[in-house]
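# Structure at a glance
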Amino acid sequence: MRSPGAVAAPLAMLLGCTVPEPRPVAVPPPAAPPAADAAYSGAIFVEGALEQGGWLRGRVPPGTARLTIGAARVPFDAEGRFFAGIDRDAPATLRITGSGANGQLLSRDLTVAPRAWPIERVNVPLRGDVPSETFMAIRRPELAAIEAARAVRSDSPGWTQAFEWPVKGRISGRFGSQRIYQGVPGAYHSGLDIAPGDGVPYVAPADGVVVLAASRPFSLEGNLLIIDHGMGLNSAFLHSSRLAVKQGDRVRQGQLLGYVGATGRASGPHLHWSLKWQDARLDPLLFLPEQ
């Protein structure tokens, strides 16, 4: 359901002058009319999964020069349409603000529903192993490649689409699950694990551009594939046995991407699918119809 809301900016400013003595004085010309966006008003429309790990799409009114949600700058297209993600640990309220060309504002607060994440508490200390320099010599270029791929902003329209399952199968790991080690939280699971069987093909959940297709298995992710869906939204697919696309390819929803495997650090064949918008990690299940 769309829920409009707006705050209209001031329309005018009162001017005044003093007359030092009772004689005719020159009357100054009227003040220049307000700038075109002085009456910047309307509504910022929003719809989507307004919960932790969720997402939203919307539209800003004409005249919008800048849009932010919380501290994040949000791009929008020529029609004013935008996409934004809601991080797994987002606060209960996020402020969305549109700015006119002269800085006048429209804003509203978005209520973010909390999630009951699967949490396992274990009575053992969190292991803080320090990676060896030999491992890091391999890992640093991999991390740099991932960071560069996620920084790509393509013109793909995938962000506008209703996402489809890349493959269907047993859910072996859920987004957001986490272990607490004697009160110290470990890293939460950043994606959705689907285990349909070794070698099963998987497809693009939405249109996109391939921004990374590993030419060799990464140390942790194995044969890694990252697809940019536009507007800062991207998918990563881990542990593939092999890939069917290459970097730079434009892919369509439903197109073959690769085959499920267990490359990299994996306990068995499965597809790990993660979604990010800028720095926010999102729950793929909130993008999908039921299996």
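Right, let's walk through the structure included here. (Residues numbered from 1 in each chain as written. Predicted model: local features only at pLDDT ≥ 70, side-chain atom pairs only at ≥ 80, totals over all residues. Heavy atoms only, no water.)

### Re the nonpolar core
Core analysis: the biggest nonpolar cluster contains 50 residues, and Phe82, Tyr202, Leu225, Leu233, Leu257 and Trp277 have the highest contact counts within it. Examining the composition of this core, we find that 4 residues originate from one element, strand β20 (residues 271-277), more than from any other. Apart from the residues lying within four places of it in its own chain, the contact partners of leucine 233 are Phe83, Trp159, Phe163, Ile227, Asp228, Leu275, Lys276, Trp277, Leu282 and Phe287. Grouped together as the second largest cluster of nonpolar side chains are 10 residues, Ile146, Ala149, Val211 and Leu224 included. (Core = buried A, V, L, I, M, F, W, Y, C linked by side-chain atoms within 4.5 Å. Buried < 20%, exposed > 50% of the residue type's maximum accessible area, 1.4 Å probe, protein only. Helix = DSSP H or I, 4+ residues; strand = E, 2+ residues; numbered from the N terminus. Contact = heavy atoms within 4.5 Å.)

### Observations concerning the packing of aromatic side chains
On inspection of all chains with the given rule, the structure shows 8 aromatic pairs. A ring pair is formed by tryptophan 117 and phenylalanine 175, whose centres lie 5.6 Å apart and whose planes are at 70°; its orientation type is edge-to-face. Here the residue tryptophan 117 occupies a position in the loop between β7 (105-111) and β8 (119-122), and phenylalanine 175 occupies one in the loop between β9 (170-173) and β10 (178-181), the gap between them amounting to 58 residues. The burial state of tryptophan 117 is the same as that of phenylalanine 175; both residues are buried. Taken together, the aromatic side chains of Trp55, Phe83, Phe163 and Phe287 make up a single cluster linked through ring pairs. The ring of tyrosine 188 carries the charged tip of arginine 88 above its face, separated from the ring centre by 4.3 Å. Above the plane of the ring of tyrosine 259 lies arginine 242, whose end atom (NZ or CZ) is 4.1 Å from the centre. (Phe/Tyr/Trp six-rings, centres within 6.5 Å; stacked < 30°, edge-to-face > 60°. Lys NZ or Arg CZ within 6 Å of the ring centre and 35° of its normal.)

### Observations regarding the environment of proline 217
Checked against the element boundaries, proline 217 lands in the loop between β14 (208-213) and β15 (223-230). Looking at proline 217, the relative accessible area reads 44%, which means it is partly exposed. Taking C-alpha positions, proline 217 is 6.7 Å from threonine 263, a pair spaced 46 residues apart along the chain. Sequence-distant contacts of proline 217, that is, excluding residues within four places in its chain, are made with Glu142, Gly222 and Asn223.

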